[in-house]
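Tertiary structure, described
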Amino acid sequence: MLSLTVPDTTRLRINGDRLRADFEELAEIGATVAGGVSRVALSNEDLEARAWFANRVEDDGFIVRDDDAGNLSGVMFCPNPNAPTVLLGSHLDSVPNGGRFDGSIGVLAGLEVLRVMKEAKLTLPVHMEVINFTDEEGCWQSLFGSRGLTGQLTTAHVSDLHTDNSTFRAALQRAGIHPEDVTKAGRKPSQLKAYLELHIEQGPQLERAECTIGAVTHIVGRSTLRVTFNGQAGHSGTTALDKRRDAVQGAALFILQAHQFVRDEYPDGIFNCGNVVVKPGLFNVIPEQAVLTVECRHIEEDILAEMEGAIEMLSQRCADEYQLSVGVVRTAHMSAAHMAELCLQAIEDASRLIGTSCKRLASYAGHDAQMLAHFTPSGMIFIPSLGGVSQNPREFSRWEDVVAGANVLLHAALKLAQEAKA
Ligand SMILES: [Zn+2]
């Protein structure tokens, strides 16, 4: 009589030395003198990193797979071709002059998890896949690859409908990605069981709490607004101070009040004014126009919308103060995402199993998991960033934390994979 035994996987651990060897080899691609990496999406360095990853996947005996949005994967198939996939991943691209850990550890740890499962000769009821998403950092289009996989790319993302995308199309083509095909990268939700991503926190919460693992509950929603104050140009010497319609004064009042307003009214909200363009921009002319680029963030989508409305009303009050007109246009938006309770529990259970501390927290930075969360149960595992520093060559995480994060990824993935049997 055939009896099926479930192997005891609780003692499985990733190989930290092997993971570190991969990490150091990858960090040489696009290495900067400051000790970080520059692997901007679709640059020579990014293409080199992708080729390196594909070779590694093949050397380890997994199947290399790519899709029409340039996402690159290593797959360990299970015997049932119709089984769903547990997807692990992150991104190998970086911001210009970025750090070595952001994105890389998620992809490399995913590959290491597959190796450990293969060495243990596990027969899982799911396919296991590690994926490198194209252009997570948004050098061309933010979260391009994960948008593609979740069927959220449209021709507008690569055409000249809103902006000139000719150089983006050229860069895609150079990487062997056909711009006219990127919308075909979408999968069906039924093809996936879950998505897990290991990433550095890029903030100080875990370090402050002296905690090794963060189980991410939400990923923040973001809206970019263009706020334009219009007044009247005039001679800076001959126009009385109380007779001016000075666009910069209205803008300045708005910037200060908006910061205070969000601090007072939206404790989980973020406001930033990162750019101000003044016209005509001359020292001896009263500013006629001030165009502000503003960002609002909140972890709850409906509160973010409410916050944006309140910010718009505030801009009107500030404009009235100086007899200005004002217009607010939302130029970009990324929906907030909730991570799945199923994945949160798998991460917490895995942390308990390997004996490491774990706390729930929200992410105020965007990630590929934000796209995946609207598509399949998704979870993110954070490890501490020293000093909260990120997107900077000084970005650093302790190696023992990387190993702990990779072990949590392994056991959370195993839990989700084994649950698929039920
Ligand atoms: Zn990242």
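Before any of the text, the structure's been laid out above.
Here is a short report on the structure shown in this document. Model, not experiment: these values are computed from the prediction.

Next up on the list: the overall build of the chain. A tally of helices and strands in the chain yields eleven helices and 13 strands. Here the C-alpha atoms of the chain give a radius of gyration of 24 Å, agreeing with the 22 Å that 2.2 N^0.38 yields for 422 residues. By principal-axis analysis of the C-alpha atoms, the chain measures approximately 95 × 45 × 40 Å. As displayed, the chain has an accessible area near 18,500 Å², and 50% of this comes from carbon and sulfur atoms. Here the chain holds 37 positive side-chain charges and 54 negative ones, and the gap between their average locations is 2 Å.

In space, the four strands of this open sheet follow the order β8-β9-β7-β10, with antiparallel pairing throughout. Single-partner strands in this sheet number two, and they are β8 (270-279) and β10 (325-334). On average, adjacent strands in this sheet sit at an angle of 20° to one another, irrespective of strand direction. Relative to the sheet, helix α7 (residues 247-265) contacts β7 (221-230), β8 and β9 (289-298), its axis offset from that of β8 by approximately 175°.

Attention shifts here to the pairing of strand β3 (residues 85-90). Within a regular beta strand, the side chains point alternately toward one face of the sheet and then the other, so they alternate between its two faces. Burial within β3 is extensive, with six of its six residues counted as buried. Judged by which residues are buried, β3 turns out to be covered on both faces: Thr 85, Leu 87 and Gly 89 on one side and Val 86, Leu 88 and Ser 90 on the other are all buried. Across six bridges, the pairing between β3 and strand β4 (residues 127-132) is parallel. Bridge assignment links Gly 89 to a residue of β4, and that residue is Ile 131. Handedness of the crossover is the feature at issue here: the chain leaves β3, passes through helix α3 (residues 104-119), returns alongside β4, and the resulting connection is right-handed. Sheet topology note: the β3/strand β5 (residues 192-200) ladder contains four bridges and is parallel. Note on β5: the bridge partner recorded for Val 86 is Ala 194.

To continue, consider α7. When the terminal C-alpha atoms of α7 are compared, their 26 Å separation across 19 residues agrees well with the 27 Å that a helix rising 1.5 Å per residue should span. Within α7 the residues assigned to the buried category are Ala 247, Gly 250, Ala 251, Phe 254, Ala 258 and Val 262. Viewed along the axis of α7, the buried residues span an arc of 90°, placing them on a single side of the element. Exposed positions of α7 whose direction lies more than 90 degrees from the buried face are Leu 256 and Arg 263. Against the buried residues of α7 lie β7, β8, β9 and α8 (301-321). For α7, the N-terminal cap is Asp 246; the gap from its side-chain oxygen to the backbone nitrogen of Val 248 is 2.9 Å.

With that settled, consider the environment of Ile 131. Looking at where Ile 131 falls in the secondary structure, it is placed in strand β4. Classification of Ile 131 by relative accessible area gives buried; the value is 0%. Other than its neighbours up to four places away in sequence, Ile 131 contacts Asn 71, Leu 72, Ser 73, Leu 87, Leu 88, Gly 89, Ser 90, Val 107, Leu 149 and Arg 187.

So, on to the nonpolar core. Core analysis: the biggest nonpolar cluster contains 60 residues, and Phe 53, Leu 88, Met 117, Leu 124, Met 128 and Leu 196 have the highest contact counts within it. The biggest single contributor to this core is helix α11 (residues 399-419), with 13 residues. Once residues within four sequence positions are removed from consideration, Met 128 is found in contact with Gly 74, Val 75, Met 76, Val 86, Leu 88, Leu 114, Met 117, Ala 413 and Ala 417.

Okay, a nonpolar patch on the surface next. A surface patch of nonpolar side chains, about 180 Å² in accessible area, is lined by Val 248, Val 276 and Val 278. Looking at the element boundaries, Val 248 is found in helix α7. On the basis of relative accessibility, which here comes to 30%, the residue Val 248 falls in the partly exposed class.

Following both chains from N to C, one finds helix α1 (residues 16-27) and α11 inclined at 110°, their axes separated by 10 Å at the closest point. Overall, the two elements α1 and α11 adopt an arrangement that is roughly perpendicular. The two elements α1 and α11 cross, and the hand of that crossing is right-handed. Taking contact as the criterion, the partners of Gly 16, Leu 19, Arg 20 and Phe 23 in α1 are, on α11, Trp 399, Val 402, Val 403 and Ala 406. Its residues assigned to classes, the contact of α1 with α11 comprises six nonpolar, one polar and one charged.

Within the element layout of this structure, Asp 102 appears in the loop between β3 and α3. A relative accessible area of 7% means that Asp 102 is categorised as buried. Between the C-alpha atoms of Asp 102 and Gln 391, which are 289 residues apart in sequence, the distance is 7.5 Å. In this structure Asp 102 touches His 91, Asp 93, Glu 137, His 199, Ile 200, Gln 202, Ser 390, Gln 391 and Glu 395, once residues within four positions along its chain are discounted. A distance of 3.1 Å separates the side chain of Asp 102 from the side chain of His 91, its partner in a polar contact.

Here the residue pair Lys 279 and Pro 280 is connected by a cis peptide bond, since its omega of 0° sits within 30 degrees of zero. For Asp 135, which is not glycine, the phi torsion reads 50° and is therefore positive. Under the relative-accessibility criterion, Asp 135 is labelled buried at 1%. Positive phi is not limited to glycine here, since Leu 143 has a value of about 55°. Within the secondary structure, Leu 143 is located in the loop between β4 and α4 (144-149).

Turning our eyes to something else, we now look at α3. With 16 residues, α3 ought to run about 22 Å at 1.5 Å a step, and its terminal C-alpha atoms sit 23 Å apart, in line with that. Burial analysis of α3 places 14 of its 16 residues in the buried class, the great majority of the element. The first or second residue beyond α3 is Lys 121, which carries a positive phi of 55°.

Conventions used here
- Residues numbered from 1 in each chain as written.
- Predicted model: local features only at pLDDT ≥ 70, side-chain atom pairs only at ≥ 80, totals over all residues.
- Heavy atoms only, no water.
- Helix = DSSP H or I, 4+ residues; strand = E, 2+ residues; numbered from the N terminus.
- Rg over C-alpha atoms; globule rule 2.2 N^0.38 Å.
- Areas by Shrake-Rupley, 256 points an atom, 1.4 Å probe, with all protein chains shown as cover.
- Lys, Arg positive; Asp, Glu negative; His and termini not counted.
- Charge placed at Lys NZ, Arg CZ, Asp CG, Glu CD.
- Pairing = 2+ DSSP bridges.
- Axes fitted to C-alpha atoms, helices over the stretch in contact; angles between N-to-C directions.
- Contact = heavy atoms within 4.5 Å.
- Buried < 20%, exposed > 50% of the residue type's maximum accessible area, 1.4 Å probe, protein only.
- Right-handed = clockwise from strand over helix to strand, strands pointing away.
- Expected span 1.5 Å × (residues − 1).
- Arc of directions from axis to C-beta.
- Polar contact = N/O pair within 3.5 Å; in protein donor to acceptor, adjacent residues only side chain to side chain.
- Core = buried A, V, L, I, M, F, W, Y, C linked by side-chain atoms within 4.5 Å.
- Patch = residues over 30% accessible without salt bridge, like charges linked within 9 Å, V, L, I, M, F, W, Y side chains within 5 Å.
- Salt bridge = Lys/Arg side-chain N within 4 Å of Asp/Glu carboxyl O.
- Parallel < 35°, antiparallel > 145°, perpendicular 65-115°, else oblique.
- Left-handed = near helix turned anticlockwise from the far one by under 90°.
- Nonpolar A, V, L, I, M, F, W, Y, C, P; charged D, E, K, R; others polar.

Remember, this is a structural readout, not a statement about activity or role.
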